[in-house]
Amino acid sequence: LEIIKTPPALIPLDFLEPNIEKVYFNQNDPEKLFVLSSSGGGIKDGQKTKTLSEADLNKKEILAPVLKNITTCSIYKDAIYCLDNSGFLFKTDFYFKNKEKLNIVPLSLKKGVAYNITISGSQISLKEGRILYFLDKNKSFQKISESIKNFKFSPDSQKLVYFSEHEIWLS
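Remember, it's a predicted structure, so these values are computed and weren't measured experimentally. (Residues numbered from 1 in each chain as written. Predicted model: local features only at pLDDT ≥ 70, side-chain atom pairs only at ≥ 80, totals over all residues. Heavy atoms only, no water.)

(A) Region of interest: the packing of aromatic side chains. Scanning the entire structure with this criterion turns up 6 aromatic pairs. When the centroid spacing of 6.2 Å and the interplanar angle of 70 degrees are considered together, the rings of Tyr 133 and Phe 141 count as edge-to-face. Within the aromatic cluster, the residues linked to one another by ring pairs are Phe 34, Phe 94 and Phe 96. The positively charged end of Lys 101 is found above the aromatic ring belonging to Phe 88, 4.1 Å away from the centroid. (Phe/Tyr/Trp six-rings, centres within 6.5 Å; stacked < 30°, edge-to-face > 60°. Lys NZ or Arg CZ within 6 Å of the ring centre and 35° of its normal.)

(B) Spatial organisation of the pairing of strand β5 (residues 50-56). By the criterion of burial, β5 is predominantly enclosed, with 7 of the 7 residues buried. Burial along β5 is two-sided: Lys 50, Leu 52, Glu 54 and Asp 56 and Thr 51, Ser 53 and Ala 55, pointing in opposite directions, are all buried. Two strands pair when backbone bridges link them, and strand β2 (residues 32-37) and β5 are joined in this way by 6 bridges, in the antiparallel orientation. Along β5, the bridge assignment pairs Phe 34 with Glu 54. As judged from the 5 bridges shared by β5 and strand β6 (residues 61-76), these two strands associate in the antiparallel manner. For Ala 55, the partnering residue across the bridge sits in β6 and is Ile 62. (Buried < 20%, exposed > 50% of the residue type's maximum accessible area, 1.4 Å probe, protein only. Helix = DSSP H or I, 4+ residues; strand = E, 2+ residues; numbered from the N terminus. Pairing = 2+ DSSP bridges.)

(C) Unusual backbone geometry, seen in detail. Looking along the chain, the bond that leaves Thr 6 and enters Pro 7 is cis, with omega of -5 degrees. Tracing the backbone through its elements, the reader meets Pro 7 in the segment before β1 (20-25). We note that Lys 77 has phi near 55 degrees; this positive angle belongs to a residue other than glycine. By secondary structure assignment, the location of Lys 77 is in the loop between β6 and β7 (79-84). Positive phi, close to 60 degrees, is recorded for Phe 96, a residue that is not glycine. With respect to the secondary-structure elements, Phe 96 resides in the loop between β8 (89-92) and β9 (99-101).

(D) Up close: the side chain of Ser 53. Positionally, Ser 53 belongs in strand β5. Judged by relative accessible area, Ser 53 falls into the buried class, the value being 3%. Ignoring sequence-local partners within four residues, the contact set of Ser 53 consists of Leu 33, Phe 34, Val 35, Ile 62, Leu 63, Ala 64, Pro 65 and Val 66. (Contact = heavy atoms within 4.5 Å.)

Next comes the structure, spelled out in structure tokens:
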């Protein structure tokens, strides 16, 4: 929705790919979006590979992929966090110039499982299906629970609540 115009005008996104999984705003350029899609990614070791591309709203086109062979990604403040197909978590800026590997030991990725990265303050968590991991100070993923449905950080990132069908935990 373009709210600057009077009356506000809808911007059709019909130029985007059909296999989009997530869309993020580019915080450095309000006329661009980041698009995570499975189009053209293929399958590697049984895991669906994805690409992160940039879409230009003015030109109504998708630009060349900026990250390939990733499993999932998340944007937090001024950084993009991506889990690649080899099980490494990377952090990069919006210009993709500074790429930092966050874990030393790769996570063994499972076939057909959904992965989600959540960042809250200095805490980085990874949800693998129903398994919850935290990235610890030693740069490795530590399993917190194997049977969660969902979780949420407190606003100050000092507490975590997670739950299953029959239990709620507070950490």
